Amino acid sequence: MTDPRTTPAARTDGSQDAQSTQAHSAHPTPDTFLASSLDDLRRHLTAHLDPAARTWLEHALDEAAAHPGIHGPISAWELRLAEAGRRCGAAYADAARVLILDAARAGTDALTRVYFQGTADERRAVLHALPHLVSGPGALPLVEDALRTNDTRLLTAAVGPYAARHLAPHDWRHAVLKCLFTGVPVDHVADLPRRAQGDGELARMLGDYAAERTAAGRAVPEDLYRVLDLTESVTPAPGTDHPHGKES
């Protein structure tokens, strides 16, 4: 494997890399915020929604709590999901939908129905809700479906905490590559440092991708180098003198 940092497209200014990393980590993204606790999401919306939107949301949550689960072709709370963008505004719609899904006690079956019957906005909300509502890997088909799309907003939601917990290594590595292919910043990949740490196979895949782009005369995404650095960062296991702590 050719080390992508030895190619002409490689970065040359380490200080710029450090500044870029600091800039990325200094400002949490909206998607990172959606991984906050449900209580934090509710407090945030209570503080930022205008009175009419706040009243609508409280009614929607009460309605969902009173009639949870799936009822007939479409449940009342599913209708509220569709209204959330208009009622709460685009900036707060995802968080509102996550709260409604929680209030409705949506399990894997309900989340699957909303995902496959809903709009792209509703699909994204389901993906954001997964780490809050599903404890095991049963909802992975939804993540895997989102990862097959080229919708960058769906991809961003798909690589959140639920994927970090449950995606198999092979699928997770391809999710990281998909982010690089489509321009989704790797800041959105939840738990990236832990999962990339010492991952020799991911490093090989990154090197191959960088070599392909360089051979085609195309720029190598700076995020690729950031992830590659993480694959080379290994914490030695206690009681071992191996310089890398484990085999790659």
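Here the structure is a predicted model, which means the values were calculated and not measured.

Calculation rules
Residues numbered from 1 in each chain as written. Predicted model: local features only at pLDDT ≥ 70, side-chain atom pairs only at ≥ 80, totals over all residues. Heavy atoms only, no water. Helix = DSSP H or I, 4+ residues; strand = E, 2+ residues; numbered from the N terminus. Buried < 20%, exposed > 50% of the residue type's maximum accessible area, 1.4 Å probe, protein only. Contact = heavy atoms within 4.5 Å. Areas by Shrake-Rupley, 256 points an atom, 1.4 Å probe, with all protein chains shown as cover. pLDDT = per-residue confidence, 0-100. Expected span 1.5 Å × (residues − 1). Arc of directions from axis to C-beta. Polar contact = N/O pair within 3.5 Å; in protein donor to acceptor, adjacent residues only side chain to side chain. Core = buried A, V, L, I, M, F, W, Y, C linked by side-chain atoms within 4.5 Å. Phe/Tyr/Trp six-rings, centres within 6.5 Å; stacked < 30°, edge-to-face > 60°. Axes fitted to C-alpha atoms, helices over the stretch in contact; angles between N-to-C directions. Parallel < 35°, antiparallel > 145°, perpendicular 65-115°, else oblique. Left-handed = near helix turned anticlockwise from the far one by under 90°. Nonpolar A, V, L, I, M, F, W, Y, C, P; charged D, E, K, R; others polar.

Student: Any chance you could break down the overall build of the protein chain for me, citing the residues and the numbers?
Tutor: In terms of helices and strands, the protein chain carries 15 helices and zero strands. Of all 248 residues assigned to the protein chain, the portion counted as buried reaches 44%. Residue pairs in contact within the protein chain that sit at least 24 positions apart in sequence constitute 71% of those at least 6 positions apart. Surface accessibility of the protein chain: about 12,500 Å² in total, with carbon and sulfur atoms responsible for 52%.

Student: Please set out the environment of Leu 177 residue by residue, giving values where relevant.
Tutor: In this fold, Leu 177 is placed in helix 12 (residues 169-182). Distance in space between the C-alpha atoms of Leu 177 and Tyr 209 is 8.4 Å, their sequence separation being 32 residues. The residues touching Leu 177, leaving out its near neighbours within four places in the chain, are Leu 202, Met 205, Leu 206 and Tyr 209.

Student: Tell me about the environment of Thr 55, and name the residues and values.
Tutor: By the element assignment, Thr 55 lies in helix 4 (residues 51-66). When the C-alpha positions of Thr 55 and Arg 87 are compared, they lie 9.9 Å apart, and in sequence the two are 32 residues distant.

Student: Outline the confidence of the model for the protein chain, listing residues and values.
Tutor: Averaged over the protein chain, the pLDDT score is 85; the fraction of residues at 70 or greater is 81%. Predicted confidence in the protein chain is weakest over helix 1 (residues 14-26), with a mean pLDDT of 38, and strongest over helix 9 (residues 140-147), with 98. pLDDT under 50 marks residues 236-248. Its contacts with residues more than four places away, or in other chains, come to nine contacts.

Student: Requested: an account of helix 4, with residues and values cited.
Tutor: Over its 16 residues, helix 4 runs 23 Å from end to end, which matches the ideal 22 Å to within 8%, given 1.5 Å per residue. Here helix 4 has its buried residues at Ala 53, Trp 56, Leu 57, Ala 60, Leu 61, Glu 63 and Ala 64. Along helix 4, the residues classed as buried sweep out an arc of 160 degrees about the axis, all on the same side. Opposite its buried face, helix 4 presents the exposed residues Pro 51, Thr 55, Asp 62 and Ala 66, each directed more than 90 degrees away. Structurally, helix 4 contributes buried residues whose contacts are with helix 3 (38-48), helix 5 (76-88) and helix 6 (90-103). Where helix 4 begins, the side chain of Asp 50 points an oxygen toward the backbone nitrogen of Ala 52, at a separation of 3.1 Å.

Student: Describe the nonpolar core, listing the residues and the values that go with them.
Tutor: Formed by 69 residues in total, the largest nonpolar core has its most connected members in Leu 57, Trp 77, Ile 100, Leu 127, Leu 130 and Val 143. Counting residues per element, this core draws most heavily on helix 6, which supplies seven residues. Apart from residues no more than four positions distant in its own chain, Trp 77 is found in contact with Ala 64, His 67, Pro 68, Gly 69, Ile 100, Leu 101, Ala 104, Ala 106, Ala 110 and Val 114.

Student: Now, about the packing of aromatic side chains: what can you tell me, with residues and values included?
Tutor: What describes a pair of aromatic rings is the distance from one ring centre to the other and the angle between the planes of the rings. Under the counting rule described, the total for this entry stands at two aromatic pairs. Pairing Tyr 115 with Phe 116 gives two aromatic rings, centres 4.9 Å apart and planes at 85 degrees, and the pair type is edge-to-face. Overall, the relative accessible area of 0% leaves Tyr 115 in the buried class. Using a relative accessible area of 42% as the deciding quantity, one classes Phe 116 as partly exposed.

Student: Would you mind going over unusual backbone geometry in detail, with residue names and values included?
Tutor: One non-glycine residue with positive phi stands out, namely Arg 105, at about 50 degrees. Topologically, Arg 105 is positioned in the loop between helix 6 and helix 7 (108-117). Notably, Asp 191 is not glycine yet its phi reads approximately 60 degrees, a positive angle.

Student: Explain helix 7 to me, using residue names and the numbers behind them.
Tutor: Owing to its 3.6 residues per turn, the α-helix aligns residues three or four sequence positions apart on the same side. Where helix 7 is concerned, the buried positions are Ala 110, Leu 111, Arg 113, Val 114 and Tyr 115. Buried-residue contacts for helix 7 involve helix 5, helix 6, helix 8 (120-133) and helix 9.

Student: Just give me the short version of the packing of helix 14 (residues 200-215) against helix 15 (residues 222-231), but keep the residues and values in it.
Tutor: As a packed pair, helix 14 and helix 15 sit with axes 9 Å apart at the nearest point and diverge in direction by 150 degrees. Taken together, helix 14 and helix 15 sit at an angle that is classed as roughly antiparallel. In the packing of helix 14 onto helix 15, the handedness of the crossing is left-handed. Counted together, Leu 202, Ala 203, Leu 206, Tyr 209 and Ala 210 of helix 14 and Leu 224, Val 227, Leu 228 and Thr 231 of helix 15 form the full contact between these two elements. Looking at the contact of helix 14 with helix 15 residue by residue, the classes come out as eight nonpolar, one polar and no charged.

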